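# Chain and residue survey
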Amino acid sequence: MVEVTDLVKEFEGFLALDGANMNVKKGAIYGLVGPNGAGKSTLLRHLTGVYRPNSGTVKIAGEEVYENPNVKAKFAFIPDDIFYFMQANTMEMKRFYQGIYPEFDEKMFMRLMEYFPTVNPKKSIRSLSKGMQKQVAFWLAVCIRPELLILDEPVDGLDPVMRRQIWSIVMADVAERDTTVIVSSHNLRELEDVCDHVGIMHKGKVMIERSLSDLQGSVCKIQVAFQAEMPKLPEGFDVLHMSNTGRVYTLIVKGDPAEAKVQLEKMHPMLIDILPLTLEEIFIYELGGVDYEVKDILF
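What this report covers is the structure whose coordinates are included nearby. Note that the structure is a prediction, hence the values are computed from the model and not measured. (Residues numbered from 1 in each chain as written. Predicted model: local features only at pLDDT ≥ 70, side-chain atom pairs only at ≥ 80, totals over all residues. Heavy atoms only, no water.)

Packing of helix 3 (residues 90-100) against helix 5 (residues 130-143) leaves a shortest axis separation of 11 Å and a crossing angle of 30 degrees. Taken together, the axes of helix 3 and helix 5 lie roughly parallel to each other. As helix 3 packs across helix 5, the resulting crossing turns out to be right-handed. Residues Thr90, Met93, Lys94 and Tyr97 of helix 3 form the contact with helix 5, whose participating residues are Val136, Trp139 and Leu140. Tallied by class, residues from the contact of helix 3 with helix 5 come to five nonpolar, one polar and one charged. (Axes fitted to C-alpha atoms, helices over the stretch in contact; angles between N-to-C directions. Helix = DSSP H or I, 4+ residues; strand = E, 2+ residues; numbered from the N terminus. Parallel < 35°, antiparallel > 145°, perpendicular 65-115°, else oblique. Left-handed = near helix turned anticlockwise from the far one by under 90°. Contact = heavy atoms within 4.5 Å. Nonpolar A, V, L, I, M, F, W, Y, C, P; charged D, E, K, R; others polar.)

Most of strand 3 (residues 29-33) sits out of view: five of its five residues are buried. Taking every second residue as pointing to the same face, both faces of strand 3 are buried, with Ile29, Gly31 and Val33 on one and Tyr30 and Leu32 on the other. Across four bridges, the pairing between strand 3 and strand 8 (residues 180-184) is parallel. Opposite Gly31, over in strand 8, you have Val183 as the bridge partner. Sheet topology places strand 3 next to strand 9 (residues 197-202); four bridges connect them, and they run parallel. What sits directly across from Leu32, in strand 9, is Gly199. (Buried < 20%, exposed > 50% of the residue type's maximum accessible area, 1.4 Å probe, protein only. Pairing = 2+ DSSP bridges.)

The next point concerns the pairing of strand 12 (residues 239-245). Sheet topology places strand 12 next to strand 13 (residues 248-254); six bridges connect them, and they run antiparallel. Across the sheet, residue Ser243 finds its bridge partner in strand 13, namely Thr250. The turn linking strand 12 back onto strand 13 is made up of two residues, and Gly246 within it adopts a positive phi angle of 65 degrees.

In an α-helix there are 3.6 residues to a turn, and that puts residues three or four apart on one side. Its 18 residues give helix 6 (residues 160-177) an end-to-end C-alpha distance of 26 Å, which sits within 8% of 26 Å, the value for a rise of 1.5 Å per residue. Taken together, the buried positions of helix 6 are Met162, Arg163, Ile166, Trp167, Ile169, Val170, Asp173 and Val174. Buried residues of helix 6, viewed axially, fall in a sector of 155 degrees; they line one side. Residues of helix 6 that are exposed and point more than 90 degrees away from the buried face comprise Pro160, Val161, Arg164, Ala175 and Glu176. Where helix 6 is buried, its residues contact strand 3, helix 4 (106-112), helix 5, strand 7 (148-152), strand 8 and helix 7 (188-194). Where helix 6 begins, the side chain of Asp159 points an oxygen toward the backbone nitrogen of Val161, at a separation of 3.0 Å. Immediately beyond the C-terminal end of helix 6, within one or two residues, lies Asp178, with a positive phi of roughly 60 degrees. (Expected span 1.5 Å × (residues − 1). Arc of directions from axis to C-beta. Polar contact = N/O pair within 3.5 Å; in protein donor to acceptor, adjacent residues only side chain to side chain.)

Along the chain, the position of Met270 falls in the loop between helix 9 (257-265) and strand 14 (271-275). Along the chain, Met270 and Gln227 lie 43 residues apart, while their C-alpha atoms are 6.5 Å from each other. In this structure Met270 touches Ala225, Phe226, Gln227 and Arg247, once residues within four positions along its chain are discounted.

Here we come to the sheet that holds strand 4 (residues 55-60). Read from one edge of the open sheet, four strands run 2-1-4-5, paired in antiparallel fashion. Two strands bound the open sheet, and with one partner strand each, they are strand 2 (14-24) and strand 5 (63-64). Where strand 4 and strand 5 come together, two bridges link them in antiparallel fashion. By the bridge assignment for strand 5, Ile60 is matched with Glu63.

So, in structure tokens, the structure goes:
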């Protein structure tokens, strides 16, 4: 559905994207994560055709995005900073969207009205709170019936109940219409609940791109204790991080968790426990090897 190849973007000598590559399959919910300044928002603005690449290609459904209205009619974009016409209310923006998007579903718009009871559709959107503006953005975007939904910090400013409601609407659309979703967020705990694929960005590149299940299966947390001091680990044992509290050592190990356990059991530990890592922990430790400071965290 989405294919980014060797994408480069430079702003007055600053290399925001340095040969970024990205592939998103149709029907996937793809989480794009990375530290501040990694290039996430710049990448999303290329996906939406806002920026022209210095080099490389950005394709959606096999077509170049930049200055291609046919492709742009297929997706909806909700940026972090939402913009609407100065005095426009929700009903006026609905009519505006209907003039741009041929697939806009007015029946769905009226049906979803009950999901956003705090939003007055006849009140100027700019006079609403940030959270209510986000609700309006989702309300309109879903009614476009997009093939691709691109979200930048989508639920920032929403209360927990509305966050859950928004995600349930998005997930229902994915299940019903095989919609593809790309979401950039710093809330890794939330992404872990909704995403099936993850891309980790660092310094203008997508370093890692895998399904969430593969990512969680390729690195694990092991707690192990020995009678005496920690013995020398086996050859080729790839430890990303190690800390201890007394005799209990916590190892973040890259590779197959089952194989790591077999190797450690040969060293006759007093106890050994394999624990899954959260997406947040994977993010911290994967970036720990590329000039990203890893701090000791007590789990």
